[in-house]
Amino acid sequence: MPKHIRKILALMFALMMVAAACSSDAEEATDTGGDTDTTEADGADEEPATTEGDTMEEEAPAMADMVAEFDANGDGSITIGVAAAGPANDGAYYQAVVDAATQVSVDNGFNDVIVVDEIEAADAATALGDLAAQVDIVIVGASEIAEPLGDLTEQYADVFWYCNCGAGFPETPGLAQSLDDGSEVAYTTGVATALLMEGGDSTEVAFLGCCELGFENEFLLAFTLGLTNTNPDLTVTYVPTGDFPFDFDNVANATEALNNAIDGGAGAVVPYLGGAHRPVVEAASAAGLITTSAGDSSVCDADEELDYSIAARFDGGDYVSAIFPQILSGEVKEGEIKVFRVGIDPEPGALICNATDEQTAAMDAVYASIANGDFAGDFGAIKGEAYAGG
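Residues numbered from 1 in each chain as written. Predicted model: local features only at pLDDT ≥ 70, side-chain atom pairs only at ≥ 80, totals over all residues. Heavy atoms only, no water.

Considering the sheet that holds strand S11 (residues 337–340)
Piece 1. Read from one edge of the open sheet, six strands run S2-S1-S3-S4-S5-S11, paired in parallel fashion. One side of each edge strand has no neighbouring strand; the edge strands of this open sheet are strand S2 (114–116) and S11. With direction set aside, neighbouring strand axes in the sheet form an average angle of 15°.
Piece 2. As paired elements, strand S1 (residues 80–83) and strand S3 (residues 137–140) share four bridges and run parallel to each other. By the bridge assignment for S3, Ile80 is matched with Ile137.
Piece 3. The strands touched by helix H3 (residues 93–108) within the sheet are S1, S2 and S3, with S1 carrying the most contacts at an inclination of about 180°. (Pairing = 2+ DSSP bridges. Helix = DSSP H or I, 4+ residues; strand = E, 2+ residues; numbered from the N terminus. Axes fitted to C-alpha atoms, helices over the stretch in contact; angles between N-to-C directions. Contact = heavy atoms within 4.5 Å.)

Below you can see the structure in the form of structure tokens.
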């Protein structure tokens, strides 16, 4: 249904609600009968009662506006679909996006979220198209499956498309995007790791990834810079654990790589992984290694089951939670890109779990330096090296 028609219908719905509310108020006024001798002082200290009609008058237009703007299939409601390259229950990056989309739906009275997960890059066009045919808003969790979005945003133009596609993904007229600066997040994670390794016996850090993809290379290089700027004696070893492209879920390979790293004397591990992330963290923390999250911002919370040392925050769920109120209000539109910056926005960057005052002060200083642009040249060089292979 064309959007201008939906807006007209939504306006008619809102006016009907206002009329109903006014009719209800009028009936109540008629029913007061002989109770007209109540003085103004009798109710001076009382807040005015809110009738059901008043509530509908306030809330219905907002919902009607959202339906008018986002209801792609004309059914009078809104459904969000989430497309994930990895498992929706991975307890890490992919699940964070799904959980945030679910909360957005609950908060706004939308339908239940439809999730399609473990999408292979080769199947992305079909899977995303099938999802778009069922929903009004599509959230694409990351760039692994984003290649067909240029065509799909045109084919399903009535659907609102959002992707946390990351740096390097082209600006697309029919796609709202968010991204962070991977170098900023990685640098703070390196600093945090170095601070926790002070006074320890090990100088080795294991970095477990997929297959030397560009964004992995950027994170690794910036992590290493933050680590060695803080303590030049520390070293990092990168170990690929998955098949090209985008295999971050190989638990067997990642576990073997971790065991080799432990045997080699590693004191910390960066499990830059998806479905294999939590099994590695569980084994690494049991062995006494310093561990980081891979995006998840909540791992330092009291209800976290695993023993994390650092929250390396580039949480796609946090970005969804932050940007969707702006999307639903019309402040952020398709074709626009929101950049989340360390030291400026509250979402990205590393946090040390149970940090000392000295560690907190050190991290605050790094955040301020990044926000000030002190490492802009270094980060630019890192990006040039990381993506030089195409």
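Comments concerning the pairing of strand S7 (residues 235–240)
Piece 1. Two elements, strand S6 (residues 204–209) and S7, share six bridges in a ladder whose sense is parallel. Bridge assignment links Val205 to a residue of S7, and that residue is Val236.
Piece 2. With respect to chirality, the unit in which S6 leads through helix H7 (residues 214–230) into the neighbouring parallel S7 is right-handed. (Right-handed = clockwise from strand over helix to strand, strands pointing away.)

Here's the deal with the state of the cysteines
Piece 1. On inspection of all chains with the given rule, the structure shows three disulfides.
Piece 2. Put simply, Cys210 and Cys211 are joined by a disulfide, and their sulfur atoms are 2.4 Å apart. Taking the torsion about the S-S bond as the criterion, the Cys210 to Cys211 disulfide, at about 70°, is right-handed. This pair shows no difference in class: Cys210 is buried, exactly as Cys211 is.
Piece 3. With a sulfur-sulfur separation of 1.9 Å, Cys300 is cross-linked through a disulfide to Cys353. Classification of the bridge connecting Cys300 and Cys353 rests on its S-S torsion, roughly -75°, and on that basis the disulfide is left-handed. Of this pair, Cys300 sits in the loop between strand S9 (290–291) and strand S10 (310–313) while Cys353 is found in the loop between strand S12 (349–352) and helix H11 (357–371), placing the two residues 53 residues apart along the sequence.
Piece 4. Of the residues examined, Cys300 reaches a relative accessible area of 31% and is grouped as partly exposed.
Piece 5. Each bonded cysteine of the chain gets a number by its place in the sequence, and the pairs then read 1-2, 3-4, 5-6. (Disulfide = S-S within 2.5 Å. Buried < 20%, exposed > 50% of the residue type's maximum accessible area, 1.4 Å probe, protein only.)

As far as function goes, none of this settles anything; it's purely spatial.
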